[in-house]
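Topology and contacts: notes
If you want the building blocks of each chain, they are given just below.
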Amino acid sequence: QFTCQTVQRRTCTISGDPHYYTFDGTLFHFQGTCTYVLSEQCGRGLPYYRVEGKNEHRGSTHVSWTRLVKVYVYNETIELVKGRHTYQNATCGLCGNFNHHPGDDFQTPQGEVVSSDVVFANSWKVSGDDEPGCDERCGGLDCAACTDHETALYSNADHCGILQSSSGPFAACHLRLPPQTFVQSCVYDLCVGQGYQPILCQALNVYASQCQQNGVQLPSWRRRDFCEIPCPANSHFESQGTGCPATCVNPNSTQNCPLPAQESCICNSGYILSAGVCVPHAECGCSFEGRYYRSGETVILDENCGRRCSCSYGSMTCHSHGCGPLESCRVEEGERGCRPNSYETCWIKGLGSYHTFDGLTFQYPGACRLTLAKVMGLSHHPHFAVTAEKVPRGQNGFARLLKFEAEGTQVSIEMVDSQRIRLPFSSASNRIQVYHSSIHSIILHTAFGVTVQTVWPHFVRITAPGIYNGSLGGLCGNYNGNSHDDFRTPNGLLVNTSQVFGDSWRDGSLAAHCVESVNENSTTNSNSSERCGIIASPNGPFTQCWAMVDPQQHVSACMETIRVSRDPASALCEVLRDYALMCQQKGVAVGHWRNITGCGKNFPFF
């Protein structure tokens with residue numbers, strides 16, 4: 001006889017910088033900045049799922065924060081932080097194995113139970129993560145420390161101490177969920193964040209959410225000017241909102257909802273959720289071939305991208321579509337479309353070392369304003385332009401600006417050793433996104449395949465898809481596969497020297513204040529060859545990269561960079577870091593070069 005039974009759920013939470021609470025209640029802290037498997041189905045004939053989390057440095061190189069979460073699922077939608085009872089003893093990853101025994105949560109992919117949370121977490125690193133920000137520096141709460149004053153301050157009832165106050169808004173949950181470990185994590189996060197209130201709000205919200213998941217309903221703890229949640233248009237905040245809000249696809253989803261009440265933004269009366277946005281009922285989108293599309297959305301369908309379909313107020317209209325000769329139809333980041341078959345990268349590093357899309361390396365001194373890459377003439381693809389500018393600041397300093405312009409949007413990135421704007425940023429069309437990949441690195445990503453990365457203080461990487469083959473100009477070259485004709489001026493004239501070529505792409509004169517002073521110290525010059533030689537040393541850490549990135553070219557560039565630098569030691573570390581970046585871009589893992597060269601201490605990581 002069949003009966004209806006309540007499906008038990010367990011929650012895995014990743015919060016702060018970051019703290020991991022497994023399905024079985026184990027708490028550990030891990031500061032790696034790679035991509036890791038948070039949870040996936042292991043064994044048994046259950047629907048497969050996989051959740052990955054990408055961490056980054058943010059504000060401090062001592063700790064990391066979760067930047068990006070990717071969910072891979074086949075024929076099933078799995079909620080990120082919840083596990084159904086049917087997956088008991090059938091999960092693995094940083095969220096644990098969900099077997100109700102916290103003692104064996106630290107299980108590696110090989111099935112070995114280890115005692116070290118760092119060893120455990122690193123064992124679940126996703127293979128192929130070659131982003132420059134990926135490193136494994138230290139583990140646990142030892143990566144940063146609170147002073148006695150900070151600990152006392154952030155433990156009081158005006159900060160994290162409110163969680164364990166017997167007369168506070170969280171008291172009703174204390175018996176069900178002891179707050180001590182949450183207070184500890186909260187205090188640590190505030191120390192790292194220097195008391196930044198949104199960090200406190202996030203820490204309090206983690207505990208409140210866990211209480212609600214455990215069936216404990218708390219009084220409203222948010223108040224005006226303290227942890228308020230701003231809701232999108234046509235919605236309002238409810239501290240005990242439904243976990244199953246009504247949608248255009250399922251307008252009756254609130255009935256018999258199996259999820260507990262939770263803090264959420266609820267659509268106002270007369271509005272309903274359409275792909276995450278509250279719209280009037282009459283503006284619902286289209287249910288088409290088993291999927292839902294919001295009104296105004298355009299998608300590419302079929303294995304060969306043969307249809308381009310647009311949804312308008314419940315009606316889907318389709319037209320024939322095809323990819324260009326330099327494109328292939330495939331799915332990327334969950335969206336099908338015509339994607340470029342190839343990409344090439346241009347590098348700008350040091351005080352004037354350039355590496356074009358077609359592989360030519362040359363030197364050109366700094367100028368006030370230079371065009372690095374731009375679309376020349378007519379093109380069916382989106383036009384873009386990348387320029388670099390140096391602005392004098394004070395008697396000896398410079399501010400380095402990187403400017404990107406495309407589709408009516410202008411983005412200016414100032415390469416300084418501090419954070420000036422709040423990231424991530426998205427353009428109004430959402431086709432241009434800017435975000436941190438590490439504390440010293442910013443990435444600008446476009447929907448049309450162009451990516452720009454900056455690493456403080458003077459490293460730029462521009463990646464462009466093959467659809468721009470032969471249509472670009474600037475110091476990055478014309479991108480036609482031939483390095484011998486890269487020195488073309490804006491008028492198309494082929495010149496012989498890098499000086500003439502660079503001058504042609506300069507806006508304004510090569511003023512003296514735009515060229516940084518040269519260090520003519522003879523000792524520095526004599527030692528630069530020995531210092532830079534580690535790149536090409538057969539006993540050095542870079543040997544595995546030689547086949548992919550020519551070491552001799554970079555030794556020469558390294559010597560020139562040190563020669564003109566006021567701080568040769570830091571300049572050397574910057575050059576070695578840049579070479580390591582190029583190696584990682586080519587998929588080559590570099591050895592522990594920081595320890596060998598002395599660049600691991602007091603030097604910015606990626």
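Owing to the predicted nature of the structure, the values given are computational and were not obtained by experimental measurement.

1. Observations concerning the confidence of the model for the chain
Per-residue confidence for the chain gives a mean pLDDT of 81, with 81% of residues at or over 70. Confidence drops under a pLDDT of 50 for residues 75-85, and excluding neighbours within four residues, the segment shows 30 contacts in the predicted structure. Low pLDDT (under 50) marks residues 518-526, which in the prediction has 14 contacts with non-local residues, meaning those over four places away or in another chain.

2. Topic: unusual backbone geometry
The backbone of Asp302 shows a phi angle near 80°, a positive value even though the residue is not glycine. As for its placement among the helices and strands, Asp302 is situated in the loop between strand S16 (298-301) and strand S17 (307-312). Here Asp302 falls in the partly exposed class, since its relative accessible area comes to 31%. Positive phi is not limited to glycine here, since Tyr479 has a value of about 55°. Here Tyr479 lies in the loop between strand S33 (472-473) and helix H5 (498-504). Using a relative accessible area of 3% as the deciding quantity, one classes Tyr479 as buried.

3. A few points about the sheet that holds strand S4 (residues 27-29)
Within a sheet, each strand pairs with its neighbour through backbone hydrogen bonds, oriented either parallel or antiparallel. Taken in spatial order, the three strands line up as S2-S3-S4 in an open sheet, and their pairing is antiparallel. The open sheet has two edge strands, strand S2 (13-15) and S4, and neither has a second partner. Across this sheet, the average inter-strand angle for adjacent strands is 20°, counted without regard to direction. In this structure, strand S3 (residues 19-21) lies alongside S4, joined through three bridges in antiparallel fashion. The residue of S4 that forms the bridge with Tyr20 is Phe28.

4. A few points about the state of the cysteines
Within this structure, the stated rule accounts for 16 disulfides. Two residues, Cys146 and Cys191, share a disulfide whose sulfurs are 2.1 Å apart. Every disulfide takes its handedness from the sign of the S-S torsion; for Cys146 and Cys191 that torsion is 120°, giving right-handed. In this pair, Cys146 is assigned in the loop between helix H1 (117-123) and helix H2 (148-154) and Cys191 in helix H3 (residues 180-192), connecting sequence segments 45 residues apart. Classification of Cys146 by relative accessible area gives partly exposed; the value is 25%. For Cys191, a relative accessible area of 9% puts it in the buried group. Disulfide partner of Cys286: Cys311, at an S-S distance of 2.1 Å. Judged by the torsion about the S-S bond (90°), the Cys286/Cys311 disulfide is right-handed.

5. Re the nonpolar core
Ranked by size, the top nonpolar core spans 38 residues in total, and within it Phe357, Leu372, Phe384, Phe404, Ile462, Tyr468 and Leu475 carry the most contacts. Within the residue set of this core, elements represented by two or more residues are strand S21 (343-349), strand S24 (369-375), strand S25 (384-393), strand S26 (397-406), strand S27 (409-415), strand S29 (432-438), strand S30 (441-446) and strand S32 (459-465). With four residues, the top contributor of residues to this core is S24. The residues contacting Phe384, other than those within four sequence positions of it, are Ala373, Lys374, Val375, Phe404, Glu405, Ala406, Phe448, Val450, Tyr468 and Leu472. With 28 residues, the next largest nonpolar core counts Ile162, Leu163, Cys186 and Ala203 among its residues.

6. Side note on the side chain of Thr345
Within the secondary structure, Thr345 sits in strand S21. One polar contact links Thr345 to Thr463, side chain to side chain, over a distance of 3.1 Å.

7. Things to note about the side chain of Arg222
Positionally, Arg222 belongs in the loop between helix H4 (197-213) and strand S10 (235-241). On the accessibility criterion, Arg222 (14% relative accessible area) is buried. Here the side chain of Arg222 touches Cys227 through a polar contact of 2.6 Å, landing on its backbone oxygen. Once you skip the residues sitting within four places of it in the chain, Arg222 turns out to touch Asn205, Cys227, Ile229, Phe237 and Glu263.

8. A few points about the packing of aromatic side chains
Aromatic ring pairs are defined here through the distance separating the ring centres and the angle between the ring planes. Taken as a whole and judged by the stated rule, the model has 18 aromatic pairs. When the centroid spacing of 5.2 Å and the interplanar angle of 90° are considered together, the rings of Phe384 and Tyr468 count as edge-to-face. With Phe384 in strand S25 and Tyr468 in the loop between S32 and S33, this residue pair connects regions lying 84 residues apart in the sequence. The exposure class of Phe384 is buried, given its relative accessible area of 3%. Aromatic ring contacts, followed pair by pair, group Tyr21, Phe170, Phe182, Tyr207 and Trp221 into a single cluster. Directly above the aromatic system of Phe226 lies the positively charged group of Arg223, at a separation of 4.3 Å from the ring centroid.

9. Some thoughts on the pairing of S24
Summarising burial for S24: five of the seven residues are buried, a large majority. Summarising the sheet, S24 and S33 pair through two bridges and their orientation is antiparallel. When the bridges of S33 are listed, Lys374 appears paired with Gly473.

10. As for the sheet that holds S16
Reading across the sheet, the three strands line up as S16-S17-S18 and stay open at both edges, with antiparallel pairing between neighbours. Each of the sheet's edge strands pairs with one partner strand only, and the pair in question is S16 and strand S18 (315-320). The sheet shows a mean angle of 25° between the axes of neighbouring strands, taken without regard to direction. The pairing of S17 with S18 spans six bridges and is antiparallel. Pairing of Cys311 across the sheet is with Met316, part of S18.

Scoring rules and cut-offs
- Residues numbered from 1 in each chain as written.
- Predicted model: local features only at pLDDT ≥ 70, side-chain atom pairs only at ≥ 80, totals over all residues.
- Heavy atoms only, no water.
- pLDDT = per-residue confidence, 0-100.
- Contact = heavy atoms within 4.5 Å.
- Helix = DSSP H or I, 4+ residues; strand = E, 2+ residues; numbered from the N terminus.
- Buried < 20%, exposed > 50% of the residue type's maximum accessible area, 1.4 Å probe, protein only.
- Pairing = 2+ DSSP bridges.
- Axes fitted to C-alpha atoms, helices over the stretch in contact; angles between N-to-C directions.
- Disulfide = S-S within 2.5 Å.
- Core = buried A, V, L, I, M, F, W, Y, C linked by side-chain atoms within 4.5 Å.
- Polar contact = N/O pair within 3.5 Å; in protein donor to acceptor, adjacent residues only side chain to side chain.
- Phe/Tyr/Trp six-rings, centres within 6.5 Å; stacked < 30°, edge-to-face > 60°.
- Lys NZ or Arg CZ within 6 Å of the ring centre and 35° of its normal.

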